[in-house]
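Chain residues, written in single-letter form:
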Amino acid sequence: SHGVEVNMKQAIHYINLASIRGHSTARHNLGSHEVKSRGNLIRGVKHFMIAVESGGAGSLEAIRYLHSKGLAKEEDYAKALRSYQAYVDEVKSDQRDEAAAFKDEWKYY
């Protein structure tokens, strides 16, 4: 066998530390863990909402998906859309627009 033993308790601990420090991908991963591993939709959506406020497009997509399946409230999805738009408006700049036009992976919206 190759690799190392998986320690989910320790992994979640470090993901939680990163999310507390503002890492939106870590926050998204906590939301995914809550939804998939624990079946806790309310807590998962809360984590996704925090990530969306920091520009987490994947978390916006997760809330959209949950809403489409009837698992997230209409007001949660609407709030997520508003939060993401506010983030995009805040970080918008001519330089970012030029970069986004140059290479698709640099799009921030």
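Notes on the structure in this doc start here. (Residues numbered from 1 in each chain as written. Predicted model: local features only at pLDDT ≥ 70, side-chain atom pairs only at ≥ 80, totals over all residues. Heavy atoms only, no water.)

1. Topic: the environment of Arg82
The line we're drawing: Helix and strand definitions follow DSSP, with helices as H or I runs of at least four residues and strands as E runs of at least two, each counted in order from the N terminus. A simple rule labels every residue: compare its accessible area, found with a 1.4 Å probe on the protein chains alone, to the largest value its type can have, and call it buried under 20%, exposed over 50%, or partly exposed in between.
As for its placement among the helices and strands, Arg82 is situated in helix α5 (residues 74–91). Judged by relative accessible area, Arg82 falls into the exposed class, the value being 54%. Between the C-alpha atoms of Arg82 and Glu53, which are 29 residues apart in sequence, the distance is 9.1 Å.

2. Digging into the side chain of Ser19
Note the cut-off: Any pair of residues with heavy atoms lying within 4.5 Å of one another is described as a contacting pair.
Topologically, Ser19 is positioned in helix α1 (residues 8–20). On the basis of relative accessible area, Ser19 is assigned to the buried category, the value being 4%. Not counting residues within four places of it along the chain, the set of residues in contact with Ser19 comprises Ala26, Arg27 and Leu30.

3. A closer look at the nonpolar core
The condition is simple: Here, the term nonpolar core denotes a set of buried Ala, Val, Leu, Ile, Met, Phe, Trp, Tyr and Cys residues that are joined through side-chain atoms within 4.5 Å.
Grouped together as the largest cluster of nonpolar side chains are 15 residues, with contacts concentrated most on Val52, Leu60, Ile63 and Ala80. Among the secondary structure elements, those contributing two or more residues to this core are α3 (41–53), α4 (57–68) and α5. When residues of this core are assigned to their parent elements, the largest contribution, five residues, is made by α5. Those residues in contact with Leu60 that lie beyond four places of it in its chain are Val52, Tyr77, Ala80, Leu81 and Tyr84.

4. Observations regarding the side chain of Ser59
Mapped onto the secondary structure, Ser59 falls in helix α4. In this structure Ser59 touches His28, Phe48, Ala51 and Val52, once residues within four positions along its chain are discounted.

5. Things to note about α4
To keep it simple, the criterion reads: For a helix, the expected span equals 1.5 Å multiplied by the number of residues minus one.
The end-to-end C-alpha distance of α4, which contains twelve residues, comes to 16 Å, matching closely the 16 Å that a straight helix rising 1.5 Å per residue would cover. In this structure, the buried side of α4 is in contact with α2 (24–36), α3 and α5. Just beyond α4, the residue with positive phi is Gly70, at close to 80 degrees.

6. Overview of the packing of aromatic side chains
The test is simple: Here a pair means two rings of Phe, Tyr or Trp (six-membered ring of Trp) with centres within 6.5 Å. Their orientation is stacked below 30 degrees between planes, edge-to-face above 60, and tilted elsewhere.
Summed over the entire model, instances satisfying the criterion amount to one aromatic pair. Pairing Tyr84 with Tyr87 gives two aromatic rings, centres 6.3 Å apart and planes at 35 degrees, and the pair type is tilted. In this pair, Tyr84 and Tyr87 are both assigned in helix α5, three residues apart and thus about one turn of the helix distant.

7. Regarding the environment of Ser32
Summarising the element assignment, Ser32 is placed in helix α2. On a C-alpha basis, the gap between Ser32 and Ala72 in space is 14 Å, while along the polypeptide they are 40 residues apart. Leaving out residues up to four positions away in the same chain, Ser32 has contacts with Ser37 and Phe48.

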